[in-house]
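Take a look at the letters that make up each chain.
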Amino acid sequence: MSKPADQEHRITLSEIEQVRNVPGIEARFGDEHIAMSVFRFDSEMLVTPHLAKLVGHDSPMMHLRRYQDDELFDRFGYHASELWSNGRDVWAEEPHKPVESANSG
């Protein structure tokens, strides 16, 4: 991961940590093509496509509202749902690494 991506990753984790204990808030990481941040609230959505050579907060944010079926809101929603289903919980415990035993002998 490049340094700007590492920095953005740390900034994002720091910001979402503030809402970790708010009921109904979930956050996931994805390894698939994501190149965007999506925040969904019932019939509204904030979508930030991450543009080349820009960190997320320097990229444009779109505020989408759902007015009818199969328009921009539903298309981004479907894409985000697909990525979400394969993502992993940001706050899940790290798997414990096995302790290496000293070689005897």
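This text goes with the structure placed above it.
Residues numbered from 1 in each chain as written. Predicted model: local features only at pLDDT ≥ 70, side-chain atom pairs only at ≥ 80, totals over all residues. Heavy atoms only, no water.

## Quick look at the pattern of salt bridges
If the charged atoms of two oppositely charged side chains come close together, the side chains can form a pair.
Moving on, step 1. One pass over the structure, following the stated rule, counts five salt bridges.
Moving on, step 2. Glu-17 is the salt-bridge partner of Arg-20, the closest N and O atoms lying 3.4 Å from each other.
Moving on, step 3. Note on Arg-20: relative accessible area 35%, which makes it partly exposed.
Moving on, step 4. Note that Asp-74 and Arg-66 form a salt bridge whose closest N and O atoms lie 2.6 Å from each other. (Salt bridge = Lys/Arg side-chain N within 4 Å of Asp/Glu carboxyl O. Buried < 20%, exposed > 50% of the residue type's maximum accessible area, 1.4 Å probe, protein only.)

## What about unusual backbone geometry?
Moving on, step 1. One non-glycine residue, Asp-42, lies in positive phi territory at about 50 degrees.
Moving on, step 2. Relative to the elements of secondary structure, Asp-42 occurs in the loop between strand E2 (36-41) and strand E3 (44-49).
Moving on, step 3. With a phi angle near 60 degrees, Asp-70 is a residue other than glycine that sits in the positive phi range.
Moving on, step 4. Secondary-structure assignment places Asp-70 in the loop between strand E4 (62-65) and helix H2 (72-85).
Moving on, step 5. Look at Asp-70 and you get partly exposed, because its relative accessible area is 47%. (Helix = DSSP H or I, 4+ residues; strand = E, 2+ residues; numbered from the N terminus.)

## Notes on a nonpolar patch on the surface
Moving on, step 1. On the surface, a cluster of nonpolar side chains totalling about 200 Å² of accessible area is made up of Val-19, Val-22 and Ile-25.
Moving on, step 2. Within the secondary structure layout, Val-22 lies in the loop between helix H1 (3-17) and strand E1 (28-29).
Moving on, step 3. When its relative accessible area of 40% is taken as the criterion, Val-22 is described as partly exposed. (Patch = residues over 30% accessible without salt bridge, like charges linked within 9 Å, V, L, I, M, F, W, Y side chains within 5 Å. Areas by Shrake-Rupley, 256 points an atom, 1.4 Å probe, with all protein chains shown as cover.)

## Observations concerning the pairing of E2
Moving on, step 1. Sheet topology note: the E2/E3 ladder contains six bridges and is antiparallel. Directly across from Met-36, in E3, lies its bridge partner Pro-49. (Pairing = 2+ DSSP bridges.)

## Considerations on the nonpolar core
Moving on, step 1. Counting six residues, the largest nonpolar core consists of Met-36, Met-45, Val-47, Leu-64, Phe-73 and Phe-76.
Moving on, step 2. Elements supplying a minimum of two residues to this core: E3 and H2.
Moving on, step 3. If we ignore the near neighbours within four places in the chain, the residues touching Val-47 are Met-36, Ser-37, Val-38, Pro-60, Met-61, Met-62, Leu-64 and Phe-76. (Core = buried A, V, L, I, M, F, W, Y, C linked by side-chain atoms within 4.5 Å. Contact = heavy atoms within 4.5 Å.)

None of this, on its own, says anything about what the molecule does.
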